[in-house]
Amino acid sequence: MPMNESYKHHNLSVIKGFKPWQFIVSAYFWLAVLLVILQQLLTVLPMITPLLRRDFGEELTVFPYIVTVMTVAGAFGLSYFAYFIANRYSPYNLWERIEELDYLPLGLGYLVVIGLNVSVQYLFEGQEQMNQLLIEESVAQQPVAMFFLVVLVAPVVEEVIFRELVPRSLGRSWIAYIIGSILFALIHVPTGIEGWLMYGGMSAVMLYMRLRRDNLNESIAFHMLNNIVSFIAMMNLM
């Protein structure tokens, strides 16, 4: 669907509008902090199971199912809450703009990320990333719960935080969006140059998707595509 004229990307200056001193009193910043805390609390839930199993063994027959139900319910609730916040402060209706998704750029962007990751792993001999190792351990113990955390919560919540709320808290400008994307890479705890190239490259593509048509849905969709393919690949290797 052609993009409505009113949705055309606002011309962002490189630095004009950038007001880093205002972030601490910005409602956008504190909403971002709240979402980070809630996401981390939800992410901890599936990690409880392997820890308790080491102490109590097979006595925990029902507990893993309770954790799964709680995590899935929390995943939908937190994702909706984050999207609601983004929609509340957006100049346009995000729900209405879902139908504007352009799948060809999403596919091409994903091929760019795959090419980058393959090249980096070849050059740096596949150094393991701490973030990936933690996810793999949790997936092995709680695959259903982790599916919703990886494929639903991470794309929605992280895109709202780092490509919507953080840039707005700093004053919308290119440098504000770049800072948000650097923070996105940073929270994934990149290990060495390889980690920074992989997460930094992925973050750059997501930023392009976000700003291409000023549509947060596109970076969310790309993030979901990347994570669901990665999750399937991870399950096949187990």
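Heads up: the structure comes first, above all this text.
Since this is a predicted model, take the numbers as computed values, not measurements.

Enquirer: Is there a simple way to think about the nonpolar core in this case?
Expert: Inside soluble globular proteins, nonpolar side chains tend to come together where they are buried. L35 and F222 are the most contacted members of the largest nonpolar core, which has 50 residues in total. Of all the elements in the fold, those that place two or more residues in this core are α1 (27–56), α2 (63–89), α3 (103–124), α5 (143–170), α6 (174–187), α7 (192–212) and α8 (216–237). Tallying contributions element by element places α5 first for this core, with 15 residues. Apart from the residues within four sequence positions on either side, F222 is in contact with L106, G109, Y110, V113, V205, M206 and M209.

Enquirer: So what exactly am I meant to see when it comes to the environment of A27 here?
Expert: Along the chain, A27 turns up in helix α1. When its relative accessible area of 45% is taken as the criterion, A27 is described as partly exposed. Separated by 138 residues in sequence, A27 and L165 place their C-alpha atoms 8.8 Å apart.

Enquirer: Before we go on, may I ask you to explain the packing of aromatic side chains in this structure?
Expert: Ring pairs (aromatic) are described by centroid distance and by the angle formed between their planes. Using the criterion set out here, one finds nine aromatic pairs in the structure. Ring geometry for F147 and F148: centres 5.4 Å apart, planes at 90 degrees, overall edge-to-face. For F147, a relative accessible area of 28% puts it in the partly exposed group. The interplanar angle of 75 degrees and the centroid separation of 5.3 Å between the aromatic rings of F147 and F231 together place this pair among those described as edge-to-face. Of the two residues, F147 sits in helix α5 while F231 sits in helix α8, which places them 84 residues apart along the sequence. For F231, a relative accessible area of 6% gives the class buried. These aromatic residues form a ring-pair network of at least three members: F76, F147, F148 and F231. The ring centre of Y89 lies 5.3 Å from the NZ or CZ of R88, which sits over that ring. Its end group placed over the ring of Y92, R97 keeps NZ or CZ at 4.4 Å from the ring centre.

Rules of the game
Residues numbered from 1 in each chain as written. Predicted model: local features only at pLDDT ≥ 70, side-chain atom pairs only at ≥ 80, totals over all residues. Heavy atoms only, no water. Core = buried A, V, L, I, M, F, W, Y, C linked by side-chain atoms within 4.5 Å. Buried < 20%, exposed > 50% of the residue type's maximum accessible area, 1.4 Å probe, protein only. Helix = DSSP H or I, 4+ residues; strand = E, 2+ residues; numbered from the N terminus. Contact = heavy atoms within 4.5 Å. Phe/Tyr/Trp six-rings, centres within 6.5 Å; stacked < 30°, edge-to-face > 60°. Lys NZ or Arg CZ within 6 Å of the ring centre and 35° of its normal.

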